[in-house]
Amino acid sequence: MAIKTKILYIDDEEINVELFSINFSWDYEVVTAFSGYEGLVMLDKHKDIKAIISDMKMPGMNGVEFITQAKEKYPDKKYFILTGYDINDEIQKALKENLILQYFRKPFNMDEIVKGLNQAMAEA
């Protein structure tokens, strides 16, 4: 049996975390967190996480703020934003500065996310 790539999904809404886990656990080992702060803890705990997909709008710390902190400590990981909102200036800047590789829209398109993850892993 092939070893699955470990990814981290962060979202403050429990239903989104459950849906993501159910849909992606076939192809990936999915670790989850409900906030940016919890996401930082999960990265420390699971050093073998290869890619991170974070919701943008979360209380306390938004997705770009989380990724900015995470990338300082783990620059080798692949970072993505998932949002239910249109692309904004903050996401545009994160893309331009290569803070994130791509942003995905909610409701998520599994094929688009798998393609983005696979492409990022191939470039690693």
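Reading the values: the criteria
Starting afresh in each chain, residues are numbered from 1 along the sequence in its written order. Totals for whole chains, interfaces and linings use every residue, but because this is a predicted model, local features are given only for residues with pLDDT of at least 70 and side-chain atom pairs only at 80 or more, for both listing and counting. Water and hydrogen atoms were dropped before computing side-chain values, which therefore reflect all heavy atoms in the structure. Here the axes come from fitting lines to C-alpha atoms, over the contacting stretch only for helices, and the angles between their N-to-C directions go from 0 to 180 degrees. Think of it this way: any DSSP run of H or I at least four residues long counts as a helix, any run of E at least two long counts as a strand, and we number them from the N terminus. For classification purposes, angles smaller than 35 degrees are called roughly parallel, those larger than 145 roughly antiparallel, those between 65 and 115 roughly perpendicular, and all remaining angles oblique. Helix crossings fall into two classes, left-handed where the near helix is turned counterclockwise from the far one by less than a right angle and right-handed where it is turned clockwise. By the convention used here, residues are in contact when the closest approach between their heavy atoms is within 4.5 Å. Here the nonpolar group is Ala, Val, Leu, Ile, Met, Phe, Trp, Tyr, Cys and Pro; Asp, Glu, Lys and Arg are the charged ones; every other residue, Gly included, is treated as polar. To form a nonpolar core, buried Ala, Val, Leu, Ile, Met, Phe, Trp, Tyr and Cys residues must be joined to one another through side-chain atoms within 4.5 Å. Buried residues are those whose accessible area, probed at 1.4 Å on protein chains only, stays under 20% of the maximum for their type, while exposed residues exceed 50% and partly exposed ones sit between those limits. The salt bridge definition used is simple: a Lys or Arg side-chain nitrogen within 4 Å of an Asp or Glu carboxyl oxygen.

Caption draft 1: Summary view of the packing of helix H1 (residues 14-24) against helix H5 (residues 110-123). Packing of H1 against H5 leaves a shortest axis separation of 12 Å and a crossing angle of 70°. Considered as vectors, H1 and H5 are oriented roughly perpendicular to each other. Taken as a pair, H1 and H5 cross one another with a handedness that is right-handed. Where H1 abuts H5, its residues Phe20, Asn23 and Phe24 lie against Met110, Ile113 and Val114. Residues that form the contact of H1 with H5 fall into these classes: five nonpolar, one polar and no charged.

Caption draft 2: Examining the nonpolar core more closely. Ranked by internal contacts, the top residues of the largest apolar core, which has 23 residues, are Leu8, Leu43, Ile52 and Phe66. Within the residue set of this core, elements represented by two or more residues are strand S1 (5-10), strand S2 (28-33), helix H2 (36-45), strand S3 (49-55), helix H3 (63-73), strand S4 (78-83) and helix H4 (89-96). In terms of residues, this core owes the most to one element, H3, which gives four residues. Counting residues in each nonpolar core, the second largest holds 15 residues, with Ile7, Val17, Phe24 and Val114 among its members.

Caption draft 3: Geometry of the pattern of salt bridges. Evaluation of the coordinates by the stated rule reveals seven salt bridges. Linking Lys106 and Asp11 is a salt bridge whose minimum nitrogen-to-oxygen distance equals 2.7 Å. With Lys106 in the loop between strand S5 (102-105) and H5 and Asp11 in the loop between S1 and H1, the pair connects residues that are 95 residues apart, well separated along the chain. We note that Lys106, like Asp11, is buried. One salt bridge connects Lys93 with Glu97, and the closest N-O pair in it is separated by 4.0 Å.

Caption draft 4: Structural detail: the packing of H2 against H3. The geometry of H2 relative to H3 is characterised by a closest axis approach of 10 Å and an angle of 20° between their N-to-C directions. Here H2 is positioned roughly parallel relative to H3, judged by the angle of their axes. At the point where H2 passes H3, the crossing takes the right-handed sense. Touching Gly36, Gly39, Leu40, Leu43 and Asp44 of H2 are Phe66, Gln69, Ala70 and Lys73, all from H3.

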